[in-house]
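# Reading the structure
Below are the chains, spelled out letter by letter.
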Amino acid sequence: MSQQQPDEKSVVVVGPDGRPIGTVEVTADGATGREDDPSRLIEQPAKVMRIGSMIKQLLEEVRAAPLDEAGRKRLVEIHRRSVDELEDGLSPELRDELERISVRFTEGTTPSEAELRIAQAQLVGWLEGLFHGIQAALVAQQMAARMQLEQMRNMPALPPGAHPEPGKTTSTGQYL
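As the structure is a computational prediction, the values presented were derived from the model and not from experiment.

Before going further, it helps to examine the overall build of the protein chain. Helix and strand counts for the protein chain stand at four helices and two strands. Going from N to C terminus, the protein chain has its helices and strands arranged as β-β-α-α-α-α. Counting only residues that meet the buried cut, the protein chain has 23% of its 176 residues in that class. Sequence-distant contacts, at least 24 apart, represent 61% of the contacts inside the protein chain between residues at least 6 apart. Summing over all exposed atoms, the protein chain offers an accessible surface of approximately 12,600 Å²; the carbon and sulfur share of this is 56%.

Let's shift gears to the layout of surface pockets. Looking at the second largest pocket, its volume works out to about 250 Å³. What lines the second largest pocket is a set of 14 residues, and nearest its centre among them are Val76, Glu77, Phe105, Thr106 and Glu107. Grouping the constituent residues of the lining of the second largest pocket by class yields four nonpolar, five polar and five charged.

Here helix H1 (residues 45-64) contains 20 residues, and its C-alpha end-to-end distance of 29 Å stays within 8% of the 28 Å for a straight helix at 1.5 Å per residue. Within H1, burial applies to Lys47, Val48, Ile51, Gly52, Ile55, Leu58, Leu59 and Val62. Buried residues of H1, viewed axially, fall in a sector of 130°; they line one side. When the buried face of H1 is taken as reference, the exposed residues oriented beyond 90 degrees from it are Arg50 and Ala64.

Let us look at the nonpolar core. Judged by nonpolar contacts, the single largest core of 17 residues is most densely connected at Val48, Leu86, Leu90, Leu127 and Leu130. Sequence-distant contacts of leucine 86, that is, excluding residues within four places in its chain, are made with Val48, Ile51, Ile55, Leu98, Leu123 and Leu127. Formed by seven residues, the second largest nonpolar core is a distinct cluster that contains Leu58, Leu67, Val76 and Ile78.

Time to look at the environment of alanine 65. Considering the arrangement of structural elements, one finds alanine 65 in the loop between H1 and helix H2 (69-88). Relative accessible area serves as the criterion here: at 34%, alanine 65 is assigned to the partly exposed category. Apart from residues lying up to four places away in sequence, alanine 65 is in contact with Glu113 and Arg117.

The next point concerns the pattern of salt bridges. On inspection of all chains with the given rule, the structure shows ten salt bridges. The salt bridge partner of glutamate 99 is arginine 104, with a shortest N-O separation of 3.0 Å. Between arginine 117 and glutamate 113 there is a salt bridge, with the nearest N and O atoms lying 3.0 Å from each other. Residue arginine 117 and its partner glutamate 113 are located together in helix H4 (residues 113-154), separated by four residues, close to a single helical turn. What makes arginine 117 partly exposed here is its relative accessible area of 26%. Each of the salt bridges in this network shares a partner with another, and the network as a whole consists of Glu77, Arg80, Asp84, Glu87, Glu99 and Arg104.

Scoring rules and cut-offs
Residues numbered from 1 in each chain as written. Predicted model: local features only at pLDDT ≥ 70, side-chain atom pairs only at ≥ 80, totals over all residues. Heavy atoms only, no water. Helix = DSSP H or I, 4+ residues; strand = E, 2+ residues; numbered from the N terminus. Buried < 20%, exposed > 50% of the residue type's maximum accessible area, 1.4 Å probe, protein only. Contact = heavy atoms within 4.5 Å. Areas by Shrake-Rupley, 256 points an atom, 1.4 Å probe, with all protein chains shown as cover. 1 Å grid on protein atoms, 1.4 Å probe; cavity = no way out; pocket = protein on both sides within 12 Å on 5 of 7 lines; lining within 4 Å. Points joined across faces, edges and corners; volume = space filled by probe spheres on them. Nonpolar A, V, L, I, M, F, W, Y, C, P; charged D, E, K, R; others polar. Expected span 1.5 Å × (residues − 1). Arc of directions from axis to C-beta. Core = buried A, V, L, I, M, F, W, Y, C linked by side-chain atoms within 4.5 Å. Salt bridge = Lys/Arg side-chain N within 4 Å of Asp/Glu carboxyl O.

Printed below as a string of structure tokens:
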């Protein structure tokens, strides 16, 4: 049996018949510690959202105007710094994934407009997929919690056989 940390609580999950079917460890900050908990994927959600919005807007601007060599060099630097900043706000698993899929331009060379647009579009697509995946996981969690709450509402107040018989007292204490 594992020992709980002082800031953890164990929540008992019950089935429709009132019997316990498992437990979930919940920390003081409300995290469940579950592997499928989407809240653990992004350590700094506001930062990731800001960078994602910036990258998306940047991609739209790059599509609209041709870039000279100086503009392309600047865009390479923005892309590199954006990926680095994103990695700071993500879980280790997502950080590794982003590292594997993101384009790293070689130092000293200036990529073409097409290469830059592809790299930016790839990053925007990855971020949108990340956001959609987290939204789907949150909806699934909400649905599961709603179903569990509904099951709890439909359960009798006491398990069968726990009701006292009419006319019979259950008190064992003394009256003063």
